[in-house]
2 protein chains.
Amino acid sequence: MADKKDVPKHDVIVVGAGPAALTAAIYTTREDIETLLLERGVVGGLAAVTDKIDNYPGFPDGVEGLTLSDQLRKQAERFGAVIDLGEVLAIHDEGEFKRLETTEGDMLARAVLIATGSDYKKIGVPGEQEFYARGVHYCATCDGAFYRDKKLVVVGGGNSAVQEAIFLTRYASHIDMLVRSTVKASDVLQGELQKFIDDGKVTVHLGTTTNEIVGQDNAVTKVVGIDQASGKKVEFPTDGVFVFVGLMPNSQFLKGSPIDLDKIGFIKTDEDLHTTMPGVFAAGDIRSGATMQIASAAGEGATAALKIREYLEGHL
Amino acid sequence: MADKKDVPKHDVIVVGAGPAALTAAIYTTREDIETLLLERGVVGGLAAVTDKIDNYPGFPDGVEGLTLSDQLRKQAERFGAVIDLGEVLAIHDEGEFKRLETTEGDMLARAVLIATGSDYKKIGVPGEQEFYARGVHYCATCDGAFYRDKKLVVVGGGNSAVQEAIFLTRYASHIDMLVRSTVKASDVLQGELQKFIDDGKVTVHLGTTTNEIVGQDNAVTKVVGIDQASGKKVEFPTDGVFVFVGLMPNSQFLKGSPIDLDKIGFIKTDEDLHTTMPGVFAAGDIRSGATMQIASAAGEGATAALKIREYLEGHL
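Residues numbered from 1 in each chain as written. Chains lettered and ligands numbered in written order. Predicted model: local features only at pLDDT ≥ 70, side-chain atom pairs only at ≥ 80, totals over all residues. Heavy atoms only, no water.

Caption draft 1: Spatial organisation of the interface of chain A and chain B. Each partner contributes to the interface: chain A provides 49 residues, whereas chain B provides 50 residues. For the pair chain A and chain B, the number of links is eight salt bridges. The interface formed by chain A and chain B contains 40 residue pairs in polar contact (both at pLDDT 80 or more). Among the elements of the structure, α1 (19–30), α3 (65–78), α4 (140–143), α5 (159–168), α6 (187–198) and α7 (294–312) of chain A are those that each provide at least two residues to the side of chain A that touches chain B. With nine residues, the top contributor of residues to the side of chain A that touches chain B is α7(A). Residue composition of the side of chain A that touches chain B, by class: 20 nonpolar, 14 polar and 15 charged. (Contact = heavy atoms within 4.5 Å. Salt bridge = Lys/Arg side-chain N within 4 Å of Asp/Glu carboxyl O. Polar contact = N/O pair within 3.5 Å; in protein donor to acceptor, adjacent residues only side chain to side chain. Helix = DSSP H or I, 4+ residues; strand = E, 2+ residues; numbered from the N terminus. Nonpolar A, V, L, I, M, F, W, Y, C, P; charged D, E, K, R; others polar.)

Now the structure itself:
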């Protein structure tokens, strides 16, 4: 390991460059706190690959994900934020400084904000990638409203799949729910789902795998599955597919670190967004309890920046 | 009291129409949850009366407070939010419904979001109102960066005044701090302030009242005070004044209600932004622990809307 003298030192390193990260950087750099953002993939995070964002507050007619990401980046850079490409591999507490092992070498920071976000788990079938955000969705709150009076397929059978399917009934004319094995949701949720099944609004297909998403001209037309009992191919004509098979928090690099994660891998924080490692904070979709909403992530980024400032000043 | 049959019923009533309230309404109405906002004053809250907002994420060159407020309002109305003029006088828990006593008569709501915000306490001297946001400020994080290498006066002597004065030293060339009696801040803060006093960057004037803010051509030029010991008038030439004499949460209508407030009067919530009255939520600057930042308020509005939906669906 290199000597401390040779290792670049920063006031704040933000891990990630999505809405939480960029908002935090707008705040810290505007307050003359030197800040480096390290991003391993796309600046803007999930927001950047979202077609249209209808519910980010301040844009009455909606805004393209790429446009919003770009504006957040510009705003942070305007105040002096620096965004570098790099992946953080581990964080070590060395007292006043945290040492970050990264693909670009070791770095030191007085405070760290982890804002690496989460990814929606994919099912990995043909058509899923091709029709992403153009018929294939992972967030009912974000995209459900685009399917008023349309047919939908929901993939999944856990708590979130059932809850989101119930939610989508307020828009969709009918929902086919494809469940690989059996429904594994709470009794309350199952009871509520049953009402929509009785109404004929939802049809649940148990023991049915999802094998292909088919479409043409930029739109999904059907989902092809296999009925496990008969081994036969089944087809579900639809206008869109919502996949709810879980979230994958981008916290793999924290495995084995003293930073507490919840059982899914989200980072636990206190109300000051402080993790269990002093000087290390978390905000946005990586945080335990996150809502997966850009507005909430940005809000937490602002709050985290204020708390980081208090920490650096010695009041936290 | 009118019979329940005669009382208008709503799914959600939002008390207030600032950034937290409007963001929550964007979310609830987009999800077809009928929502009424009741505002006693200005739609947009404190944001609407802020000249330029530099750190609301998504506007790289800043945005006028009135413009942002207007866009938030348009966005909420686009999805069906209704904003009415009215003041809530009390909230009563009647089980499934909450009864709101208002200046427009009683109303019932399945869920309530309190987003009434806070006001900065004023000192009530000539010039304070006239130069509001044009030389007289109440938020260092918001407006400090406009005073790089300029002279400032800070009014106040409590924890927040000392902390914000220390913060403002990163911008201002010199700060005169006017303290009516003595400094009442923690030892840690006083110790830190002393460093800036020793450096000559901050001068503390104890026993000095602030009696007038003077300016011309839309800019503050000096503050006039009185030295209590000698009774003599003292003048402080300056480019701007920051007043830190406390916050006043707009929660007077909750005095005596079962909704828990902290000792200053901010509303206590759990991590789901739920208050101690079931079905009543709080978001933004009225919430205990609020950061007084628009981004944070908007983010909490989004989170509160999702939690209200879960509550209405019976999962919370």
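Caption draft 2: Here's a closer look at the pattern of salt bridges. All names here are of chain A. Within the structure shown, the criterion is met by 38 salt bridges over all chains. A salt bridge links Arg40 to Glu87; the shortest N-O distance between them is 3.3 Å. Of the two residues, Arg40 is situated in the loop between β2 (35–39) and α2 (45–48) and Glu87 in the loop between β5 (82–85) and β6 (88–94); the sequence distance between them amounts to 47 residues. Classification of Arg40 as partly exposed rests on a relative accessible area of 49%. (Buried < 20%, exposed > 50% of the residue type's maximum accessible area, 1.4 Å probe, protein only.)

Caption draft 3: The environment of Ile308(A), seen in detail. Turning to its location among the elements, Ile308(A) is positioned in helix α7. When near neighbours in sequence (up to four residues on either side) are disregarded, Ile308(A) contacts Val12(A), Ala111(A), Leu113(A) and Phe281(A).

Caption draft 4: Structural view of the domain arrangement of chain A. Residues and elements named next belong to chain A. Each assigned domain of chain A is listed with its residue range as follows: domain 1 (4–120 + 247–314) and domain 2 (136–243). Computed from C-alpha atoms alone, the centre-to-centre distance between domain 1 and domain 2 is 34 Å. On the side of domain 2, five residues touch domain 1, which itself brings six residues to the contact. Counting the surface lost from both domain 1 and domain 2, the interface buries some 480 Å², and carbon and sulfur atoms represent 62% of this. Linking domain 1 to domain 2 there are zero residue pairs in polar contact (both at pLDDT 80 or more). By residue class, the composition of the side of domain 1 that touches domain 2 is two nonpolar, two polar and two charged. (Domains from an automatic or database assignment. Buried area = accessible area lost by both parts, 1.4 Å probe.)

Caption draft 5: Local environment of the sheet that holds strand β12 (residues 174–178) of chain B. Residues and elements named next belong to chain B. Ordered by their spatial adjacency, five strands build an open sheet running β10-β17-β11-β12-β13, and the pairing between neighbours is parallel. Looking at which strands have only one partner, the edges of the open sheet turn out to be β10 (136–137) and β13 (202–205). With two bridges connecting them, β10 and strand β17 (residues 240–243) associate as parallel partners. Bridge pairing in β17 places Val136 opposite Val241. Contacts from helix α5 (residues 159–168) reach β11 (151–155), β12 and β17, with the element oriented near 170° to β12. In the packing of helix α6 (residues 187–198) onto the sheet, the strands contacted are β12 and β13, and the crossing angle to β13 comes to about 110°. (Pairing = 2+ DSSP bridges. Axes fitted to C-alpha atoms, helices over the stretch in contact; angles between N-to-C directions.)

Caption draft 6: Structural context of helix α1 (residues 19–30) of chain B. All names here are of chain B. The end-to-end C-alpha distance of α1 is 16 Å, a good match for the 16 Å that twelve residues give at a rise of 1.5 Å each. Across the twelve residues of α1, twelve count as buried, placing the element largely inside the fold. One or two steps after α1, the chain reaches Asp32, where phi turns positive at roughly 60°. (Expected span 1.5 Å × (residues − 1).)

Caption draft 7: Structural detail: the packing of α1(B) against helix α3 (residues 65–78) of chain B. Residue and element names in this part refer to chain B. Two elements in contact, α1 and α3, have axes whose closest approach is 8 Å; the angle formed by their N-to-C orientations is 25°. By the criterion of interaxial angle, the relationship of α1 to α3 is roughly parallel. You can see that α1 and α3 cross each other, and the crossing is left-handed. Contacts from Pro19, Leu22, Thr23, Ala25, Ile26 and Thr29 in α1 reach Ser69, Leu72, Arg73, Gln75 and Ala76 in α3. Here the residues of the contact of α1 with α3 sort into six nonpolar, four polar and one charged. (Parallel < 35°, antiparallel > 145°, perpendicular 65-115°, else oblique. Left-handed = near helix turned anticlockwise from the far one by under 90°.)

Caption draft 8: Structural context of the relation of the copies chain A and chain B. Its rotation angle being 180°, the transformation that places chain A on chain B also includes 0.0 Å of axial translation and leaves an RMSD of 0.0 Å. This pairing of chains is accounted for by a two-fold axis. Judged by C-alpha distance, Gly299(A) is the residue of chain A that lies nearest the rotation axis, at 2.2 Å. Both copies contact each other with a shared surface, as 100% of the interface residues of chain A are interface residues in chain B too. (Least-squares fit on C-alpha atoms with pLDDT ≥ 70 in both.)

Caption draft 9: Highlighting the sheet that holds strand β16 (residues 232–237) of chain B. Residue and element names in this part refer to chain B. The antiparallel open sheet is built from three strands, whose spatial order is β14-β15-β16. Of all strands in the sheet, those with a lone pairing partner are β14 (208–216) and β16, marking the two edges. Across this sheet, the average inter-strand angle for adjacent strands is 25°, counted without regard to direction. Alignment of β14 against strand β15 (residues 219–227), held across eight bridges, turns out to be antiparallel. Paired with Val214 across the two strands is Lys222, which belongs to β15.

Caption draft 10: Representation of the packing of aromatic side chains. Residue and element names in this part refer to chain A. What the rule picks out here adds up to 16 aromatic pairs over all chains. Taking the centre distance of 5.9 Å and the plane angle of 40° together, the rings of Tyr132 and Tyr138 count as tilted. Exposure remark for Tyr132: the relative accessible area of 23% places this residue in the partly exposed category. Between Phe167 and Tyr171, the ring centres sit 5.6 Å apart and the planes meet at 90°, which makes this aromatic pair edge-to-face. The same class applies to Phe167 and to Tyr171, which are both buried. (Phe/Tyr/Trp six-rings, centres within 6.5 Å; stacked < 30°, edge-to-face > 60°.)

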